[in-house]
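Notes for the structure review
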Amino acid sequence: MTKTRKKYNLPTGYPFLPTLFRSNDFLANPIKFISKSMEKFGGTYTATLGLRKKIILTQDPAFIEHILRGNHRNYHKSPLATERAVEFFGNGLLFSNGDYWLRQRRLVQPAFHREKLQGLYDIVTRSIDEFLRDLPDGEPDIYPLMHQISFSLLIRSLFDIRMEPATMAELGEHFTALQEFLLRDVNRPVQRLLYPFNGMKRDMLRRAKRLKAIIAGLIRERRSDPRSYNDLLDMLLSSRYEDSGEHMTDEQVIDEALILIFAGHETTANALSWMLYLLATHPAINNRLVNELKVSSPADTLRNPFVNAVISESMRLYPPAWMTERVAVEDDRFGDYHFPKGTIIIPFFFGLHRNAAHWPEPARFHPDRFINDPSLARSASFFPFGAGPRMCIGNNFAMAEMCFFLHSFLTNFTIAATPQVPEMRPLITLRPDRIVLKIERISTLH
Ligand code: HEM
């Protein structure tokens, strides 16, 4: 153990200079770097940020449970990850903390209960079918396609209206630009020094303002529309706080809508892309899945054990949220460790999901493990949607999107692998560099 200022007992790890010297290795390939360090230090280690700030990285399921569930009140989202995002995307669920977060979470949560989601399923299946109707055969990079479909699914679930294609395209363009900017900002903070000179931040603030203006316009239209809707916007506008009975302000609705899009579309795009890659490279599993899908209605797939096992196993191997972060509000202890307030903790889900101590044959794509032991999907070694009170609010919705997509796609197209092997690009989420698959239509969608 390394002692800091005698009083604390942090896990062994890299002090300041070794952290600095290794920072390029870290930036080049964070998953590889962290995985190697986990092997070296035994599953939990400390790194040093700046001169004094400590970061503890862990793939120990009990430690992760402690942070996300057991003692979650002592942990906030760290400013390191959220500060800049809040500037552009506002103070919605993903980035807020404390009492404000809890009040918002209670307000938004009911919209994502399974029964309430039924109303959205029709929108989701319609959007998927429209998307697939125009999809040509070929050998495309499927990541941009999955990105496109996930984005439009979320926009349509939020605003079930005939949105002008130009407005949809503009929303997509601003979102992509802002997310790319945030990625660079988090990964290469030194670039911030250039913002006053290169106008980049100004341009991004302009884009964020435009995004908010578009959503404000959609809210105004909705308020003057006498028809009833079953979309997420309707839910955000109609829900009332338990304590005051009041509605959210328009600004709050805009923040929450932006956060749902931000948190929901890239994660789903990653999950679908890796899943199709795994299926294309494991034809026997793919064939078994297609046979299950052929005899199921889209709604049946939600309860189909094999469909769910395929999705879970894909997210075990390629968790879209490959890690998360928290900061300790007060000093805390876990086992022998004792660390000061301000310590940042990184639960490394990717490492845990591929750890042989918890997952036999961890590198094997083996959906049956979730069938043989259904409790695995809820086990403390599996965190695709996080855990505790801040667990993904959209998890049921995301599972439904993926089930419906698999159903429509694999009953209308065949997929096959190509010689291209994708690489992981672990940025904020676990993206592939590209995934080239051969896709061929087998039936005509009406
Ligand atoms: C496969 C798809 C998805 C994955 C893997 C995923 C994963 C996650 C994870 C791991 C967290 C917890 C992060 C943490 O503890 O720091 C989270 C939070 C969140 N997710 Fe998802 N997510 C997905 C889809 C969605 C969708 C479709 C939506 C919305 C429609 C959504 C909305 C959110 C929100 C708002 C939060 C923040 C919740 C809070 O802090 O209270 N996610 N997600």
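Residues numbered from 1 in each chain as written. Predicted model: local features only at pLDDT ≥ 70, side-chain atom pairs only at ≥ 80, totals over all residues. Heavy atoms only, no water.

1. As for the packing of helix H13 (residues 250–280) against helix H16 (residues 305–317)
- Interhelical geometry of H13 versus H16 gives an angle of 105 degrees and a closest axis separation of 9 Å. In terms of axis orientation, H13 runs roughly perpendicular to H16. In contact with Ala271, Met275, Leu278 and Leu279 of H13, H16 contributes Val310, Ile311, Ser314, Met315 and Leu317.
- Partitioning the contact of H13 with H16 into residue classes produces eight nonpolar, one polar and no charged. (Axes fitted to C-alpha atoms, helices over the stretch in contact; angles between N-to-C directions. Helix = DSSP H or I, 4+ residues; strand = E, 2+ residues; numbered from the N terminus. Parallel < 35°, antiparallel > 145°, perpendicular 65-115°, else oblique. Contact = heavy atoms within 4.5 Å. Nonpolar A, V, L, I, M, F, W, Y, C, P; charged D, E, K, R; others polar.)

2. Describing the nonpolar core
- One finds Phe89, Leu279, Leu406 and Phe409 to be the most contacted residues of the largest nonpolar core, which totals 117 residues.
- The element contributing the most residues to this core is H13, with 18 residues.
- In this structure Leu406 touches Met275, Leu276, Leu279, Leu289, Leu293, Val307, Ile311 and Thr411, once residues within four positions along its chain are discounted.
- Ile67, Phe334, Ile345 and Leu352 belong to the second largest nonpolar core, which has 17 residues in total. (Core = buried A, V, L, I, M, F, W, Y, C linked by side-chain atoms within 4.5 Å. Buried < 20%, exposed > 50% of the residue type's maximum accessible area, 1.4 Å probe, protein only.)

3. Topic: the site of the ligand
- Neighbouring the ligand are 30 residues; Trp101, Arg105, Thr324, Arg326 and Cys392 lie closest to it.
- With respect to the ligand, the side chain of Trp101 contributes an N or O atom lying 2.7 Å from an oxygen atom.
- Contacts to the ligand include Arg326, whose side-chain N or O atom sits 2.8 Å from an oxygen atom.
- Among the secondary structure elements, those contributing two or more residues to the shell around the ligand are helix H6 (98–108), H13 and helix H19 (395–412).
- At seven residues, H13 tops the list of elements feeding residues into the shell around the ligand.
- When its residues are assigned to classes, the shell around the ligand shows 19 nonpolar, six polar and five charged. (Near = heavy atom within 4 Å. Polar contact = N/O pair within 3.5 Å; in protein donor to acceptor, adjacent residues only side chain to side chain.)

4. So, the coordination of the iron atom of the ligand
- Protein coordination of the iron atom of the ligand rests on one atom only, Cys392 (SG), at 2.3 Å.
- Tracing the backbone shows Cys392 in the loop between helix H18 (368–372) and H19. (Donors = N, O, S within 2.8 Å, 3.2 Å for Na, K, Ca; no water.)

5. Considering empty space enclosed by the protein
- Summed over all chains, the structure comprises one cavity of 30 Å³ or more.
- Ala111, Lys116, Leu120, Asn230, Asp231, Leu232, Asp234 and Met235 are the residues that line the largest cavity.
- Secondary structure elements with two or more residues in the lining of the largest cavity: helix H7 (114–133) and helix H12 (232–238).
- At three residues, the largest contribution of residues to the lining of the largest cavity is made by H12.
- For the lining of the largest cavity, the residue count by class is four nonpolar, one polar and three charged. (1 Å grid on protein atoms, 1.4 Å probe; cavity = no way out; pocket = protein on both sides within 12 Å on 5 of 7 lines; lining within 4 Å. Points joined across faces, edges and corners; volume = space filled by probe spheres on them.)

6. Describing the side chain of Lys54
- For Lys54, the position within the fold is in strand E4 (residues 53–58).
- It is Asp331 that comes nearest to the buried, bridge-free Lys54 among opposite-charge side chains, at 14 Å.
- Here Thr48 takes part through its side chain, which lies 3.3 Å from a polar atom of the side chain of Lys54. (Lys, Arg positive; Asp, Glu negative; His and termini not counted. Salt bridge = Lys/Arg side-chain N within 4 Å of Asp/Glu carboxyl O.)

7. Thoughts on the environment of Leu182
- Tracing the sequence through the fold places Leu182 in helix H9 (residues 165–187).
- C-alpha of Leu182 to C-alpha of Lys294: the two residues are 112 residues apart in sequence and 41 Å apart in space.
- In contact with Leu182, other than residues within four places in its own chain, are Arg84, Ala85, Phe88, Phe89 and Phe262.

8. Remarks on the sheet that holds strand E5 (residues 75–76)
- The strand order E3-E4-E9-E6-E5 describes an open sheet built from five strands, whose pairing is mixed. A single partner strand is all that each edge strand has here, and the edge strands are strand E3 (44–49) and E5.
- Note: E5 against strand E6 (residues 326–328), two bridges, orientation antiparallel. Within E6, the position partnered with His76 by the bridge is Val327. (Pairing = 2+ DSSP bridges.)

9. A few points about the pattern of salt bridges
- Taken as a whole, this structure holds 26 salt bridges when the rule is applied.
- The shortest N-O distance in the salt bridge between Asp331 and Lys7 comes to 3.7 Å. With Asp331 in the loop between E6 and strand E7 (332–334) and Lys7 in the loop between strand E1 (2–4) and strand E2 (8–10), this pair connects stretches of sequence that are 324 residues apart.
- For Asp331, a relative accessible area of 30% corresponds to the partly exposed category.
- Of the charged contacts, one joins Asp243 and Arg103 as a salt bridge, the two residues approaching to 2.9 Å between their closest N and O atoms. Of this pair, Asp243 sits in the loop between H12 and H13 while Arg103 sits in helix H6; the two residues are 140 residues apart in sequence, bridging distant segments of the chain.

10. Notes on the layout of surface pockets
- Here the second largest pocket defines a volume of roughly 940 Å³.
- If you trace the second largest pocket, you find 32 residues lining it, with Arg114, Asn308, Ser312, Ala377 and Met399 closest to the centre.
- Every element with two or more residues in the lining of the second largest pocket is listed here: helix H4 (61–70), H7, H16, H18 and H19.
- In terms of residue class, the lining of the second largest pocket is made up of 20 nonpolar, seven polar and five charged.

11. A few points about H16
- Across its 13 residues, H16 extends 18 Å between first and last C-alpha, which sits within 8% of the 18 Å expected from 1.5 Å per residue.
- Taking burial as the measure, the 13 residues of H16 include 11 buried ones, the bulk of the element.
- By the burial criterion, the buried members of H16 are Phe306, Val307, Ala309, Val310, Ile311, Ser312, Glu313, Ser314, Met315, Arg316 and Leu317.
- A distance of 2.8 Å separates the backbone nitrogen of Phe306 from a side-chain oxygen at the start of H16, and that oxygen is part of Asn304. (Expected span 1.5 Å × (residues − 1).)

Don't take any of this as a statement about function, it's just geometry.
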